[in-house]
Amino acid sequence: MTTLHDETEVVDVSDPRLTRFEIVKEGARRDDIEIVTYESQFHGTDSKAEKRVARNIALLFIIAGIAGIAFVVFYIAWPWEFELGDAMSDYYTPILGITLGIALFGVGFGILAWAKKLLPHEVSIQDRHNQPSSDEDRLITGQTIAYLGDELGVQRRPLLKGAIGLGLAPLGLAAAAPLIGGLIQNPHRDSPPMMFSTGFNSAFNDGKLVRLTRSDGTPLRPEDVSTGGQLTVFPGIPGGATNQWADSPTLLIHLRPDDAEAARKNADADPRNKGSMWGDYIAYSKICTHAGCPASLYEQQTNRLLCPCHQSQFNITDNAQPIFGPATRRLPMLPLTVDDEGFFVAARDYKDTVGPDFWERP
Ligand code: FES
């Protein structure tokens with residue numbers, strides 16, 4: 001135990017004979033801090049008990065390091081692309097969460113154990129005061145911080161020093177992995193590129209135009225949607241109504257004749273939507289351009305489509321321009337036509353990219 005005495009005389013802290021701890025004591029005294037107790041938790045340095053605690057803490061850092069490395073390996077190697085059914089990709093997110101969680105817990109508990117079990121116990125009392133710091137005080141503060149570094153004992157505990165490196169370096173790598181990984185994966189390597197295609201692309205249907213279907217896969221004729229009505233439709237391809245094609249849900253709306261006329265006028269005035277309506281029918285992507293919620297609350301009287309998540313509203317008769325809320329981009333329009341058997345098909349895939357903005361969106 002180190003006992004500190006009350007001292008009234010001013011100590012010259014630039015005296016080179018003073019130890020770091022004596023400068024710390026002086027600093028505490030000048031700050032009106034009374035150190036009541038300051039004692040090691042062990043008898044002597046490098047005792048058996050201390051070594052055992054250091055080993056346990058090292059183990060925690062090593063576990064954190066192994067979990068961090070596992071995170072990076074799983075991030076790179078585990079199959080992540082969505083597959084129908086019970087697939088390995090189902091476990092991609094949980095496995096990343098578990099490994100990263102273990103890594104963070106390892107580092108957190110390691111630091112906690114270090115503070116609680118290894119550092120000396122100290123009880124200090126300080127009076128409050130308001131004064132600007134003098135140069136001397138700053139020198140004392142610097143020495144105090146350096147002293148605390150010494151007290152952590154990293155230098156004289158090489159096992160812990162190595163374990164910290166082993167634990168924290170992979171954790172840093174794990175934190176950087178999603179950023180670096182995003183730069184390594186090429187979103188354009190598929191043909192057609194998945195980021196810019198939906199299930200309505202005929203390339204996913206052996207080159208044939210893709211039908212608009214209900215969620216059970218049955219195709220739709222124009223008479224299936226009454227005037228003023230709307231229906232959520234999906235691409236008529238295998239798994240078209242599943243999460244595999246989560247960007248494809250589309251809202252098919254049968255407008256009243258007057259509204260359809262206004263909508264066609266506006267659509268035809270826009271080079272990307274020109275000729276996209278079929279009769280009085282119009283179809284928009286259901287994926288909100290703000291953050292990707294389903295924008296599906298159709299207000300027939302005002303011809304507005306409302307997204308329930310953050311209240312964005314889109315004007316159906318004017319190319320689904322956003323007129324309220326946080327969305328700034330209109331909903332893409334799906335070009336419609338009818339095939340030889342009288343069923344709705346997509347004349348082509350969406351010309352605009354569906355969903356929220358991302359950094360490569362044209
Ligand atoms: S996701 Fe639609 S308004 Fe935010």
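Everything below is about the structure printed above this text.
So, how was this worked out
- Residues numbered from 1 in each chain as written.
- Predicted model: local features only at pLDDT ≥ 70, side-chain atom pairs only at ≥ 80, totals over all residues.
- Heavy atoms only, no water.
- Helix = DSSP H or I, 4+ residues; strand = E, 2+ residues; numbered from the N terminus.
- Rg over C-alpha atoms; globule rule 2.2 N^0.38 Å.
- Buried < 20%, exposed > 50% of the residue type's maximum accessible area, 1.4 Å probe, protein only.
- Contact = heavy atoms within 4.5 Å.
- Lys, Arg positive; Asp, Glu negative; His and termini not counted.
- Charge placed at Lys NZ, Arg CZ, Asp CG, Glu CD.
- Disulfide = S-S within 2.5 Å.
- Expected span 1.5 Å × (residues − 1).
- Pairing = 2+ DSSP bridges.

### Some details on the overall build of the protein
And step 1. When its secondary structure is counted, the protein shows six helices and 12 strands.
And step 2. Its C-alpha radius of gyration of 33 Å places the protein more than 25% over the 21 Å reference for a compact globule of 362 residues.
And step 3. Across its three principal axes, the protein shows a C-alpha extent of roughly 100 × 45 × 30 Å.
And step 4. Buried positions account for 36% of the 362 residues belonging to the protein.
And step 5. A separation of at least 24 residues holds for 62% of the contacts in the protein among residues at least 6 apart in sequence.
And step 6. For the protein, the distance from the average position of its 33 positive side-chain charges to the average position of its 45 negative side-chain charges is 3 Å.

### Structural notes on the state of the cysteines
And step 1. Per the stated rule, a full pass over the model turns up one disulfide.
And step 2. Each sulfur of the disulfide joining Cys 293 and Cys 309 lies 1.9 Å from the other. One quick way to see it: the torsion about the S-S bond of Cys 293 and Cys 309 is about -90 degrees, and its sign makes the bridge left-handed. Linking Cys 293 in the loop between β6 (281-285) and β7 (297-299) with Cys 309 in the loop between β8 (304-306) and β9 (313-315), this pair joins segments that are 16 residues apart in sequence.

### Thoughts on helix α3 (residues 92-118)
And step 1. Compared with an ideal rise of 1.5 Å per residue, which puts 27 residues at 39 Å, α3 spans 38 Å between its outermost C-alpha atoms and is within 8% of the ideal.
And step 2. For α3, the set of buried residues is Tyr 92, Ile 95, Leu 96, Thr 99, Ala 103, Gly 106, Val 107, Gly 110, Ala 113, Trp 114 and Leu 118.

### Describing the sheet that holds β6
And step 1. Within the open sheet, the four strands sit side by side as β3-β4-β5-β6. Their pairing is antiparallel. What marks the edges here is a single partner per strand, and that holds for β3 (212-213) and β6.
And step 2. In this sheet, strand β4 (residues 230-235) lies alongside β3 in antiparallel orientation, the contact comprising two bridges. Following the sheet pairing, Thr 213 is matched in β4 by Phe 234.

### Regarding helix α5 (residues 158-184)
Owing to its 3.6 residues per turn, the α-helix brings residues three or four apart onto one side.
And step 1. Taking 1.5 Å as the rise per residue, α5 with 27 residues should run 39 Å; its terminal C-alpha atoms sit 37 Å apart, in good agreement.
And step 2. Taken together, the buried positions of α5 are occupied by Leu 160, Ala 163, Gly 167, Pro 170, Leu 171, Ala 174, Ala 177 and Gly 181.
And step 3. Among the structural elements, α2 (48-77) and α3 are those in contact with the buried residues of α5.

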